[in-house]
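# A closer look at the structure
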Amino acid sequence: MKLLINNREYQVEDGDLSRPLVWVLRDELGLTGTKYGCGMGICGSCTIHLDGQAVRSCVIPLSFVEGKEITTIEGLAEKYSPDPSLLHPVQQSFLDHQVPQCGWCMPGQMMTAAAFLEKNPQPTEEEIVSAMGNNYCRCGTYVRIKAAVSDASKQISMETSNG
């Protein structure tokens, strides 16, 4: 089976098509930025983009993704800008706000935020809290996450209006 991940084509064994995408990404393709957390689609650490939508890869079977565009945290910056020296505004903002503690939830947090800001580049504080509310952070950096998403939205809005 061919998969399009981060604008690159990958060949994976058809085998068991019910296996969760998170394990194909991590174990078979070495894309370990996507983290495994709960295995039930609750915590958000395994969030990726599937055709631009934020989804939980631990509950998405391999059979569901053939022919769809998959973006993982490894491809987020490249999808936003062809300049390899630039991070996605969400990634940069998370670094600027020193959001990561243990780092386990961060890829999923960033992927959720990026998909959200793609649809709503000028959110209110309440919209940010609501959009990010189903991604869990064991370290409790929610205040920093909210600030980082807010600042990323300002950067995205400024770039959109300038260009």
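Above this note sits the structure.
Summary of the structure given here. Predicted model, so just to flag it, every value in this text is computed and none were measured.

About the criteria used
- Residues numbered from 1 in each chain as written.
- Predicted model: local features only at pLDDT ≥ 70, side-chain atom pairs only at ≥ 80, totals over all residues.
- Heavy atoms only, no water.
- Pairing = 2+ DSSP bridges.
- Helix = DSSP H or I, 4+ residues; strand = E, 2+ residues; numbered from the N terminus.
- 1 Å grid on protein atoms, 1.4 Å probe; cavity = no way out; pocket = protein on both sides within 12 Å on 5 of 7 lines; lining within 4 Å.
- Points joined across faces, edges and corners; volume = space filled by probe spheres on them.
- Nonpolar A, V, L, I, M, F, W, Y, C, P; charged D, E, K, R; others polar.
- Axes fitted to C-alpha atoms, helices over the stretch in contact; angles between N-to-C directions.
- Parallel < 35°, antiparallel > 145°, perpendicular 65-115°, else oblique.
- Left-handed = near helix turned anticlockwise from the far one by under 90°.
- Contact = heavy atoms within 4.5 Å.
- Core = buried A, V, L, I, M, F, W, Y, C linked by side-chain atoms within 4.5 Å.
- Buried < 20%, exposed > 50% of the residue type's maximum accessible area, 1.4 Å probe, protein only.
- Polar contact = N/O pair within 3.5 Å; in protein donor to acceptor, adjacent residues only side chain to side chain.

### Remarks on the pairing of strand S4 (residues 53-56)
Of the strand pairs in this sheet, strand S3 (residues 47-50) and S4 are connected by 4 bridges, and their pairing is antiparallel. Following the sheet pairing, Thr47 is matched in S4 by Arg56. Linking S3 back to S4 in an antiparallel pair, the connection comprises 2 residues, with Asp51 at a positive phi of about 50 degrees.

### Some points on the layout of surface pockets
Of the voids in this model, the largest pocket is the one considered here, and its volume is about 190 Å³. What lines the largest pocket is a set of 13 residues, and nearest its centre among them are Leu87, Pro89, Gln92, Gln155 and Glu159. Of the residues assigned to the lining of the largest pocket, the class counts are 5 nonpolar, 5 polar and 3 charged.

### A look at the packing of helix H3 (residues 89-96) against helix H4 (residues 106-119)
At a minimum axis distance of 9 Å, the contact between H3 and H4 shows a crossing angle of 130 degrees. By the angle between their directions, the pair H3 and H4 is classed as oblique. Every pair of crossing elements has a handedness; the one defined by H3 and H4 is right-handed. Where H3 approaches H4, its residues Val90, Gln91 and Phe94 are matched on the opposing element by Met106, Gln109, Met110, Ala113, Ala114 and Leu117. Taken together, the residues of the contact of H3 with H4 sort by class into 7 nonpolar, 2 polar and no charged.

### Details of the nonpolar core
Formed by 21 residues in total, the largest nonpolar core has its most connected members in Val90, Phe94, Met106, Leu117, Ile145 and Val149. Among the secondary structure elements, those contributing two or more residues to this core are H3, H4, helix H5 (125-132) and helix H6 (142-162). In terms of residue count, the dominant contributor to this core is H4 (7 residues). Counting 16 residues, the second largest nonpolar core, distinct from the first, contains Leu21, Leu25, Ile48 and Leu50.

### Considerations on the environment of Glu74
With respect to the element layout, Glu74 can be found in the loop between strand S5 (69-71) and helix H2 (76-80). Taking C-alpha positions, Glu74 is 9.6 Å from Ile5, a pair spaced 69 residues apart along the chain. When near neighbours in sequence (up to four residues on either side) are disregarded, Glu74 contacts Asn6, Leu31, Thr32, Gly33 and Thr34. There is a polar contact of 3.3 Å between the side chain of Glu74 and the backbone nitrogen of Thr32. At 2.7 Å, the side chain of Glu74 and the backbone nitrogen of Gly33 are in polar contact.

### Focus on the environment of Pro89
Summarising the element assignment, Pro89 is placed in helix H3. Linking Pro89 and Pro100, residues 11 residues apart in sequence, is a C-alpha distance of 15 Å. With near-sequence residues (within four places) excluded, Pro89 lies in contact with Tyr80, Ala152, Gln155, Ile156 and Glu159.

### Digging into H3
Looking at H3, one finds that the buried residues are Pro89, Val90, Gln91, Ser93 and Phe94. Its buried side turned inward, H3 meets H2, H4 and H6. One or two positions beyond H3, positive phi appears at Gln98, with a value near 50 degrees.

### A look at the sheet that holds strand S2 (residues 8-11)
Sheet strands associate in pairs through backbone hydrogen bonding, adopting either a parallel or an antiparallel arrangement. The 5 strands lie next to each other as S2-S1-S5-S3-S4, forming an open sheet whose pairing is mixed. With one partner strand each, in any of the chains shown, S2 and S4 form the two edges of the open sheet. Ignoring strand direction, the axes of neighbouring strands in this sheet form an average angle of 40 degrees.

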